[in-house]
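# Structural description and commentary
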Amino acid sequence: MRHLIASAAVWGSVLLSACSGEGVATWDDSAEAASALSPGAAAALGFESLSGWTASAGSLSLSATRSEGEHALSVAGAGYTVIQRAPLAIVEPIKGAVSLDVRVPDQQPNPWWAGEISLAVQAPSGGVSQSLGTRSLTGLAQGTFHRLSFTVPPAVQQALSGGAPDLSFTITLNVPSGSGPHLLDRLDAFDAGPPVAAAPLPPWLEYCDAAPCATAAPVVVYVCPASNPLCTPVRKTTVVPNVDGTPISGVFLPLTLPEGATLRLASGSATVNSSFVTYSYAPRLVLHSDLDVLLSYYDVAPVWNGTTPLTFESTLTSSAVMDSAFFRHPSYNTGTAAADLHAQGLDAVSIEREMTDITSEKLHAFFVPSELGGVQGEGNFSYGNGTITINYGNPLFIAHKGGIPNAAMPRFAHENAHELYDEITSSISGDDSCLNEGIADALAFLTEYLPVEDFGPIGLTGIDFDTGCTELTRTHDIGNCYFWHVKNAGLLTESFMHGIFHPQHQYDFNSCTQNVERTGNSILVYFTEAAGGANMVPVLDAMGIPHAGSYAAAKLALGL
């Protein structure tokens, strides 16, 4: 479920420029306060979306003939069918009587018996599996909606007085073959409180409970034994990733497979690699397997021949400087992590702004687990407009780091530094990406949020910065190597970093081409002035970058 702390903000539509200038994305958070239920739950119970609804026989579709909203659920081609909704996370209490609108069709092959409809509610976490009764359709006027009521026993009301994280409904339709289609609408089950806004999502995700996402092709994956990699399993489950009960458009899904088992992408737009499935725009994943598997880093057991919800809950925290959205799997006890991350984030922002004397936009920070972050690679980004995203990892990684704040805050301090650098990026022409990454890690290191081993001296490809910077090829390594040598010279100080964020000239060089004199001269002048005139020639020599030989000569060569 989504938790609100302080005044949870509804973050509006903004145009995003990706971290360190790596592309552009558009974010429409769709956070409209339309119902006390989550948007997904409201759409599901109002039959505004097919997402999460399955039928044992016949076909389901949306009909524009409805009793409320925009759609009703059309059930066609079935004499006897069990219609089920994937579990929803509901915090509202169930009503004493649940009602459902049913439209009896004109097409009736049996004039004496129009069939019957039954309703049941399930919530395994509360020990609830209860039939709410059966209502006859015989004698009801055809071609119009009828409101049918089902009494909820007091024991069920008590068990669901606080809602449930896994509440679902089953509708059984038993009608003459050849009749139909039957229309269902307005399943009214909960005493709703005040309207609640949907949680904003990181820029690469959107809610997938309405077209076009909800009607996009699902991803279909087969799990096969090594002895038969082209198998066609009998069992299947529909995996529906969701936030607060509303389906989302993508997921990075690790699977625990039997030894030797393989994954095969049968259809849909996804990446299948080893034991991982990743997709960014689909309403669900249909997983076929006769082998026993577990889903996600939280070992979710599939509901074979049914729907397996992969639920993540959100916690929103708001303050004048930063709004944060924290997401977690409900089975994983994150304790006070949401509040701790917000508090430490405010601390990091305050330190970095004071150190640089630079202020950027109000932050919108997303802290996501691997399943949500991995949809977009590493998941750690700055968008240059106040939006940053942090992938805090999975339980094993978190345990290795000693807790969620230890896993997340080094990246947070780094990404916030990018936001500050964005305020001065016009001072550096050419490819500044390596310089930008080095500045971000150097500033995060000075705030003491980034540990020294994440700064240097061993780079991502295993090259030791102390041997120089000329052989490095990775963007982060090249940038970190520059500042690592400033640190080795004892010059990486708060005053130096203040100077870095207040360049005295307009520079034009490629910071990722570290073997040319123009780069060396630019860094020599830039760093010398940031260090208040300290001799940076030995620092550039240690980097191994060619330069003019002195600050004055480098400045002259650059025409400054």
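One can find the structure itself at the top, above this paragraph.
Summary of the structure given here.

Scoring rules and cut-offs
- All residue numbers refer to position in the chain's written sequence, counted from 1.
- Totals for whole chains, interfaces and linings use every residue, but because this is a predicted model, local features are given only for residues with pLDDT of at least 70 and side-chain atom pairs only at 80 or more, for both listing and counting.
- Each side-chain value is worked out from all heavy atoms of the structure, with water and hydrogens disregarded.
- Strands were regarded as paired on the criterion that DSSP finds at least two bridges between them.
- For the purposes of this entry, the term helix denotes a DSSP run of H or I that reaches at least four residues, the term strand denotes a run of E that reaches at least two, and both are numbered from the N terminus.
- Structural elements are reduced to axes, namely lines fitted to C-alpha atoms, with helices fitted over the stretch in contact, and the angle between N-to-C directions of any two is expressed from 0 to 180 degrees.
- Put plainly, a pocket is an open set of points on a 1 Å grid over the protein atoms alone with protein on both sides within 12 Å along at least five of seven lines, a cavity is a set where a 1.4 Å probe fits but cannot get out, and a lining residue has an atom within 4 Å of a point.
- Grid points are joined across faces, edges and corners, and a volume is the space filled by probe spheres set on the points.
- Gly counts as polar in this scheme, as do all residues outside two lists: the nonpolar Ala, Val, Leu, Ile, Met, Phe, Trp, Tyr, Cys and Pro, and the charged Asp, Glu, Lys and Arg.
- Handedness of a crossing is defined here by the sense of rotation of the near helix relative to the far one, left-handed for an anticlockwise turn of less than a right angle and right-handed for a clockwise turn.
- Residue contacts are defined here by distance: any two heavy atoms, one from each residue, within 4.5 Å place the two residues in contact.

## Things to note about the sheet that holds strand β9 (residues 94-103)
Spatially, 5 strands are ordered β5-β6-β14-β9-β12 in an open sheet, and the strand pairing comes out antiparallel. If you trace the sheet from one side to the other, it starts and ends with β5 (59-63) and β12 (145-151), each paired once. Strand-to-strand twist across the sheet, computed as the mean angle between neighbouring axes with direction ignored, equals 30 degrees. Looking at chain direction, β9 and β12 are connected through 7 bridges and run antiparallel. Residue pairing for β12: Arg-103 is matched across the bridge by Phe-145.

## Considering empty space enclosed by the protein
Unfilled space is identified by rolling a water-sized probe across the atoms. Overall, the coordinates contain 1 cavity of 30 Å³ or more when judged by the stated rule. Estimated volume of the largest cavity: approximately 40 Å³. Lining the largest cavity we find Arg-85, Ala-86, Pro-87, Leu-88, Val-240, Asn-242, Gly-245, Pro-247 and Pro-309.

## Considerations on the layout of surface pockets
Size it by volume and the largest pocket reaches roughly 970 Å³. Around the largest pocket, the lining is made up of 41 residues, and of these Gly-52, Ala-86, Gly-306, Thr-307 and Thr-308 lie nearest the centre. Mapped onto the lining of the largest pocket, the elements with two or more residues apiece are β4 (53-55), β5, β7 (80-85), β13 (164-174), β16 (236-243) and β24 (307-318). Within the lining of the largest pocket, the residues separate by chemical class into 19 nonpolar, 18 polar and 4 charged.

## A short note on the packing of helix α3 (residues 337-356) against helix α6 (residues 404-421)
Close contact between α3 and α6 brings their axes to 10 Å; oriented N to C, the two are set at 35 degrees. Once α3 is placed against α6, the crossing between them reads as right-handed. For the pair formed by α3 and α6, the contact residues are Ala-337, Asp-340, Leu-341, Gln-344, Gly-345, Ala-348, Val-349, Glu-352, Arg-353 and Thr-356 on the first element and Ile-404, Pro-405, Ala-408, Met-409, Phe-412, Ala-413, Asn-416, Ala-417 and Leu-420 on the second. Looking at the contact of α3 with α6 residue by residue, the classes come out as 12 nonpolar, 4 polar and 3 charged.

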